[in-house]
Each structure stands twice: as C-alpha cells, then as structure tokens.
Amino acid sequence: MYKRQVQRTFDQISQDLCINNNAATIVTFAGSVYGMNDVTHLGFQDIPMLSNIPNLVYLAPTTKEEYIAMLDWSIEQNEHPVAIKLPGGAMVSGSPVTKNFGDLNKYEVTQKGSKVALLGLGTFYSLANAAADEMKSELGIDATVINPYYITGLDEELLESLKKDHDVVVTLEDGVLDGGFGEKIARFYGPSDVKVINFGLKKEFLDRYNPADVLKENRLTPEQIAEDAVALI
C-alpha cells in the first residue's frame, strides 16, 4: 500500500480497524527518505501518522527475514491491527528470525556497550551500526546498538536498564521527527539524567531531492551522529 493511499484512508484505519482491534495487515511501501521524491508523493511522514493511533502495532523490520517473519505473524494472529514499514533503500538479508512478535514491545540489544546507546529503527538500524563503528574506531567508545522493532510501543524494562551505564541514548528513524519514535524515547527519559538526541528528518516539503544530501543536511551520516552523540557525554 502506497503511503499516500494510507493518508487518504486514515479515518478507515482508525475507525474500522483500531477502535475495535480488528486484525488486519497494512504494508507501508515507500515510507522512507529513499522512497518517492516528488513533493506530492513524499513517504516519510508515515511514523507520526500511524504510530499514534491507539491499538495499532506498527513494526519496522531491518532485513528481508524480519519482514517475512513480521508478515507471517501479522497474518496468523487475530488480536491486533498491524502495519509493517518496509525498509527503504536496498533490500538487506540477515539471520533467520525466531522472535515472537506477539510479545509486544520487546527490543533486542544486538551489541552491548556502555556510555552511548543507539536505537536504530528499521532502515536506519544499519546507520546505527555504522555510527557505533565510527565511535569505536575514532573515539574508542564501545556503544550499545539496539534493534527496537516496534514503532508504537516502548520496552520500558530495557530502557530503564540503560540508565545504569549509559549517559546518552540516540534514536535514529527514517521519517519526520515531529511526533515520531524518538520523541517517545525522549519523553521516557525526561525525568532522568540520561540525555537523549533524536536523529531523523525535519518537517518540510521536499521536491526532486537527493537522499544523500537530505541525510547530510539532517546530520544523518555516521560521522555526524557519532560527533553529536559523544559531545553529550
């Protein structure tokens, strides 16, 4: 389903699916900075649009295998309306997936470190790994890397545990920051001493853009992310 079609059917998703928790699967295609770049067909507003509808489970796979596993679970279960955000850019293959996605809002720590934790959502999970590599090679910092999977819910147990040995939590999302995933994480840490920095796209209309240029303008290169995160330690 094209993101622009989702925009036209927002009321149907909210009223016909989510109010009564009716099971259904929505696949969001081209919801990415790497999607269509015509000003009337921009796809990167999907996270604020969908992730704040009650009862909807919005998932962000990072690989082909994760997408297929999420799709299988969403079709087999009958408890939730589910949306799946297809990764932007080149399709990436990874390891077989055994995760039970019905155990909602459970993130995965894929690299354990300290001081800085990077939550790389969907397409930007690879960017989190690249930023962690940059911190290690250039600054000698072993950062924690996390695959959140869930756009719509918080793994509060995991987030709470990061307070013990992390000063900075970084969120990376392939979409507009306003109303997005990172704001939910920042709100969780608001009363604590943990500093949070959100990386994503600013709210604006773009037309015929080059994704690499947009990423650099929004400080979404591995070098920029590492520099900004370490500055907060």
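Heads up: the structure comes first, above all this text.
Residues numbered from 1 in each chain as written. Predicted model: local features only at pLDDT ≥ 70, side-chain atom pairs only at ≥ 80, totals over all residues. Heavy atoms only, no water.

A.B. asks: So, unusual backbone geometry: which residues are in play, and what are the values?
C.D. replies: The backbone of K115 shows a phi angle near 70 degrees, a positive value even though the residue is not glycine. Position of K115 among the secondary structure elements: in strand β5 (residues 115–120). For Y149, which is not glycine, the phi torsion reads 65 degrees and is therefore positive. Residue placement: Y149 occurs in the loop between β6 (144–147) and α6 (156–162). Residue classification places Y149 among the buried residues on the basis of a relative accessible area of 4%. (Helix = DSSP H or I, 4+ residues; strand = E, 2+ residues; numbered from the N terminus. Buried < 20%, exposed > 50% of the residue type's maximum accessible area, 1.4 Å probe, protein only.)

A.B. asks: Account for helix α5 (residues 125–139), naming residues and giving values.
C.D. replies: Here α5 spans 21 Å end to end across 15 residues, near enough to the 21 Å set by a 1.5 Å rise per residue. Buried residues of α5: Y125, L127, A128, A131, A132, E134 and M135, and no others. Against β4 (108–111), β5, β6, β7 (166–176) and α9 (222–230) lie the buried residues of α5. Just beyond α5, the residue with positive phi is G140, at close to 70 degrees. (Expected span 1.5 Å × (residues − 1). Contact = heavy atoms within 4.5 Å.)

A.B. asks: Any chance you could break down the side chain of S74 for me, citing the residues and the numbers?
C.D. replies: Along the chain, S74 turns up in helix α4 (residues 64–76). By relative accessible area, which is 2% here, S74 ends up buried. At a separation of 2.8 Å, a polar atom in the side chain of S74 contacts the main-chain carbonyl oxygen of L71. Setting aside its immediate chain neighbours within four residues, S74 contacts T25, V82 and I84. (Polar contact = N/O pair within 3.5 Å; in protein donor to acceptor, adjacent residues only side chain to side chain.)

A.B. asks: Could you give me a rundown of the packing of aromatic side chains, with the residues and numbers involved?
C.D. replies: The geometry of two aromatic rings is summed up by the distance between their centres and the angle between their planes. In total, this model carries four aromatic pairs according to the counting rule given. Relative to Y189, the ring of F188 lies with its centre 5.0 Å away and its plane at 90 degrees, an arrangement referred to as edge-to-face. For F188, a relative accessible area of 18% puts it in the buried group. For Y189, a relative accessible area of 1% corresponds to the buried category. (Phe/Tyr/Trp six-rings, centres within 6.5 Å; stacked < 30°, edge-to-face > 60°.)

A.B. asks: Go over the sheet that holds strand β8 (residues 195–201), please, and point to the residues and values.
C.D. replies: Taken together, five strands build an open sheet; the order of strands is β4-β6-β5-β7-β8 and the sheet is mixed. Here the strands that pair on one side only, and so sit at the sheet edges, are β4 and β8. Looking at each pair of strands side by side, their axes are set apart by 25 degrees on average, direction ignored. Lying over the sheet, α9 contacts β5, β7 and β8, oriented at roughly 145 degrees with respect to β7. (Pairing = 2+ DSSP bridges. Axes fitted to C-alpha atoms, helices over the stretch in contact; angles between N-to-C directions.)

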